[in-house]
Amino acid sequence: MDQARVRTVNVGKSFPIEAKAGRSGIDKRPVTGPVAVTAPGPGASGLAGDEICDVANHGGPDQAVYAYAREDLDRWAEELGRPLTDGQFGENLTTTGIDVNAAEVGEVWRVGDDLVLQVTTPRIPCRTFAVWLDERGWMKTFTQRALPGAYLRVLRPGAVRAGDPIVVEQRPGHGITIALTFRATTLEPELLPRLDIDGMPDEIRRKVRRRIGA
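Here the structure is a predicted model, which is why all the values come from computation and not from measurement.

A.B. asks: Which parts of the structure should I look at to understand the overall build of the chain?
C.D. replies: Looking only at helices and strands, the chain has 5 helices and 12 strands in total. Relative to a compact globule of 214 residues, whose C-alpha radius of gyration would be 17 Å, the chain shows 16 Å and is just as compact. Dimensions of the chain, computed from the C-alpha atoms along their principal axes, are close to 50 × 40 × 35 Å. The burial tally for the chain puts 51% of its 214 residues in the buried class. Taking contacts inside the chain between residues at least 6 apart in sequence as the whole, the part at least 24 apart equals 69%.

In structure tokens form, the structure reads like this:
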């Protein structure tokens, strides 16, 4: 596989959409030059200039940055029979050369010279995503494929730009990947007990404990 890199850095501005939030920042588009990335507060993005509208379900420390692989966008484009641009899934970082869905929860990425990110959770599809893509049965289709992309938290702030290398600096080795976490929290709840690991965000750990009666 080629060197893992950031293909594009994408930010979105609020716009009206016929979905539950009424407005959305899902229309993320590539920008030129460096973008500052910091650990955000609740309901905010980690990228400077990136707007989030549904603050109850998006943004915050565990969803500071959303990464999606260009290779997976290409798979979707072939399946859907339409081109998909970088950022069209609402991702902040469109990557190449790294299997984002095979990343383990807690895995640490160094991006460029200074930015350090940690993999947290998969993206769960919502009605806004379905309305934006305008594909019949999209939430079901997206869930069945289990190619969700990964949210990341900011361990060390820094700037990110297109072309920056992505280096996996630490991999926990527990085997709990983004894809497995997604399957456990959507279609395969029998996998939930496996998610009770250090580094798993509290929201998912609460779901795990309800499942196992702890």
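A.B. asks: How do you make sense of the pairing of strand S6 (residues 65-69) when you look at a structure like this?
C.D. replies: Each regular strand shows side chains that alternate between the opposite faces of the sheet. Within S6, 5 of the 5 residues are buried, leaving the element largely enclosed by the surrounding structure. The side-chain alternation of S6 yields two buried faces, one formed by Val65, Ala67 and Ala69 and the other by Tyr66 and Tyr68. Where S6 lies against strand S10 (residues 150-156), 3 bridges are found, and the strand directions are antiparallel. Bridge assignment links Val65 to a residue of S10, and that residue is Leu152.

A.B. asks: What exactly am I supposed to notice about the packing of aromatic side chains here?
C.D. replies: Note on aromatic pairs: each is described by the distance of the centres and the angle between the planes. Throughout the structure, instances matching the rule amount to 14 aromatic pairs. When the ring of Phe129 is compared with that of Phe142, the centres are 5.1 Å apart and the planes differ by 85°; the resulting orientation is edge-to-face. Taken together, the residues Phe129 in helix H2 (residues 127-133) and Phe142 in helix H3 (residues 138-145) connect sequence positions 13 residues apart. Each member of the pair Phe129 and Phe142 is classed as buried. One cation-aromatic arrangement involves Arg123 over Phe129; the distance from NZ or CZ to the ring centre is 3.7 Å.

A.B. asks: Please explain the nonpolar core as it appears in this structure.
C.D. replies: One broad trend across soluble globular proteins is that nonpolar side chains are buried collectively. Ranked by internal contacts, the top residues of the largest apolar core, which has 26 residues, are Val65, Leu93, Trp109, Val111, Leu117 and Val160. When contributions to this core are tallied by element, the ones reaching two or more residues are strand S1 (5-12), strand S5 (35-37), S6, strand S8 (108-111), strand S9 (115-122) and S10. With residues near it in sequence (within four places) discarded, Leu117 still touches Val65, Leu93, Glu107, Val108, Trp109, Val111, Leu152, Arg153, Val154 and Leu155. Counting 20 residues, the second-largest nonpolar core is a separate cluster that includes Tyr68, Ala77, Ala146 and Phe182.

A.B. asks: Looking at this model, I keep getting lost on helix H5 (residues 202-212). Mind explaining?
C.D. replies: Because an α-helix completes one turn every 3.6 residues, residues spaced three or four positions apart along the sequence face the same direction. Of the residues making up H5, those classed as buried are Ile204, Arg205 and Val208. Burial along H5 is one-sided: seen end-on, the buried residues are contained in an arc of 100°. Projecting away from the buried face of H5 at angles above 90 degrees are the exposed residues Asp202, Glu203 and Arg210. Against the buried residues of H5 lie S9 and helix H4 (178-185).

Each value, and the rule that gives it
Residues numbered from 1 in each chain as written. Predicted model: local features only at pLDDT ≥ 70, side-chain atom pairs only at ≥ 80, totals over all residues. Heavy atoms only, no water. Helix = DSSP H or I, 4+ residues; strand = E, 2+ residues; numbered from the N terminus. Rg over C-alpha atoms; globule rule 2.2 N^0.38 Å. Buried < 20%, exposed > 50% of the residue type's maximum accessible area, 1.4 Å probe, protein only. Contact = heavy atoms within 4.5 Å. Pairing = 2+ DSSP bridges. Phe/Tyr/Trp six-rings, centres within 6.5 Å; stacked < 30°, edge-to-face > 60°. Lys NZ or Arg CZ within 6 Å of the ring centre and 35° of its normal. Core = buried A, V, L, I, M, F, W, Y, C linked by side-chain atoms within 4.5 Å. Arc of directions from axis to C-beta.

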